[in-house]
Amino acid sequence: MPTALITGASRGLGRAVARALARRGWSLIVDARRAADLTDAMRGLAGAVAIPGDVTDPGHRARLAEAAGRAGRLDLLVNNASRLGPSPQPPLASYPLGELGRVYDTNVFAPLALIQLLAAPLAAAAGAVVNVSSDAATEAYPGWGGYGSAKAALDQLTAVLAAEQPSLRWYAFDPGDMRTDMHQQAFPGEDISDRPEPEAVIPALLRLLDERPPSGRYRASDLAVPAVAS
Ligand SMILES: NC(=O)c1ccc[n+]([C@@H]2O[C@H](COP(=O)([O-])OP(=O)(O)OC[C@H]3O[C@@H](n4cnc5c(N)ncnc54)[C@H](OP(=O)(O)O)[C@@H]3O)[C@@H](O)[C@H]2O)c1
């Protein structure tokens with residue numbers, strides 16, 4: 001049975017990915033900081049091992065790697081957990097550097113640390129790594145310099161890892177706007193009800209996993225699965 005480790009699986013995109021893979025019979029290792037939310041989100045998902053904790057904590061990451069060891073295989077790592085930074089997001093000229101460090105800890109260093117810890121089982125399974133990116137990694141939106149530059153760094157890590165370890169698949173996956181807590185945090189006080197639910201992105205992500213195109217940066221909109229006419 002294939003096994004995936006998904007960070008940030010208690011809500012939003014991470015939860016949608018966990019549910020989709022569980023429906024396909026995958027075993028899951030999942031985390032999020034708030035244990036009760038994670039337990040609620042995984043209720044009813046057979047084969048999900050929930051390990052609450054913060055991806056920036058080396059001890060927590062070691063527990064995730066131990067769980068992967070116990071599972072005996074790891075086919076997929078989804079680095080999904082992310083930190084937006086202050087809300088509203090400040091311009092770079094006045095961005096608090098301590099907070100910028102925390103954004104990078106969560107969005108850049110923790111994903112790479114997990115990749116380093118899990119390199120052996122991922123290689124043994126000829127597996128895939130999905131690093132969840134953002135259009136803010138490539139577009140220069142005012143106010144998005146902290147989060148966006150961290151996601152740009154994550155994109156570049158993904159590209160270099162693909163060059164260094166071509167036997168695995170390395171994807172920077174840009175889901176596009178989704179109606180989630182993080183998106184609301186990015187647009188405080190705004191009505192975001194016109195944004196799609198994270199579940200809308202799942203067919204694109206599954207297509208990536210099923211078709212295993214060359215490593216690279218993919219937008220969900222590029223992978224959209226055409227609706228079948230009835
Ligand atoms: N929403 C959008 O419009 C959008 C657009 C482009 C890209 N993205 C990307 O999509 C991904 C998912 O975002 P989302 O909108 O689904 O976010 P979300 O709804 O806020 O969910 C974030 C998840 O990550 C967990 N998490 C946050 N920090 C964590 C940490 N340090 N350690 C472990 N778990 C942590 C959260 O649980 P706890 O709070 O309990 O830890 C939660 O389960 C992110 O990488 C984000 O950058 C989102």
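> Quick one: what's the story with the site of the ligand, residue by residue and with numbers?
Around the ligand there are 30 residues in total, and Ser10, Arg34, Asn80, Tyr147 and Thr180 lie nearest to it. A distance of 3.3 Å is found between an oxygen atom of the ligand and a side-chain nitrogen or oxygen belonging to Arg11. Within the side chain of Arg34, an N or O atom sits 2.7 Å from an oxygen atom of the ligand. Contact with the protein chains hides 97% of the accessible area of the ligand, taken as 890 Å² for the molecule alone. Of all the secondary structure elements, the ones that give two or more residues to the shell around the ligand are α1 (12-23), α5 (145-164) and α6 (181-186). Of the residues forming the shell around the ligand, the biggest block, three residues, is contributed by α6.

> Before we move on, can you summarise the sheet that holds strand β5 (residues 128-132) with the specific residues and values?
Taking strand neighbours across the sheet as the criterion, the seven strands line up as β3-β2-β1-β4-β5-β6-β7 in an open arrangement whose pairing is parallel. Each of the sheet's edge strands pairs with one partner strand only, and the pair in question is β3 (48-50) and β7 (216-219). Strand-to-strand twist in this sheet, taken as the mean axis angle between neighbours without regard to direction, amounts to 20 degrees. The pairing of strand β2 (residues 27-30) with β3 spans three bridges and is parallel. Residue pairing for β3: Val30 is matched across the bridge by Ala50. Packing of helix α3 (residues 58-71) onto the sheet brings it into contact with β1 (3-6) and β2, and relative to β2 it is tilted by some 165 degrees. Relative to the sheet, helix α4 (residues 97-124) contacts β1, β4 (76-79), β5 and β6 (169-174), its axis offset from that of β4 by approximately 175 degrees.

> Pulling in residues and values, what's your account of α1?
For α1, which comprises twelve residues, the first-to-last C-alpha distance of 17 Å matches the rise-based estimate of 16 Å (1.5 Å per residue) to within 8%. Taking burial as the measure, the twelve residues of α1 include nine buried ones, the bulk of the element. Among all positions in α1, only Gly12, Leu13, Gly14, Ala16, Val17, Ala18, Ala20, Leu21 and Ala22 are buried. If you follow the buried residues of α1, they end up packed against β1, β2, α2 (35-42), β4, β5 and α7 (202-211). Of the residues trailing α1, Gly25 is marked for its positive phi of about 90 degrees.

Each value, and the rule that gives it
- Residues numbered from 1 in each chain as written.
- Predicted model: local features only at pLDDT ≥ 70, side-chain atom pairs only at ≥ 80, totals over all residues.
- Heavy atoms only, no water.
- Near = heavy atom within 4 Å.
- Polar contact = N/O pair within 3.5 Å; in protein donor to acceptor, adjacent residues only side chain to side chain.
- Areas by Shrake-Rupley, 256 points an atom, 1.4 Å probe, with all protein chains shown as cover.
- Helix = DSSP H or I, 4+ residues; strand = E, 2+ residues; numbered from the N terminus.
- Pairing = 2+ DSSP bridges.
- Axes fitted to C-alpha atoms, helices over the stretch in contact; angles between N-to-C directions.
- Contact = heavy atoms within 4.5 Å.
- Expected span 1.5 Å × (residues − 1).
- Buried < 20%, exposed > 50% of the residue type's maximum accessible area, 1.4 Å probe, protein only.

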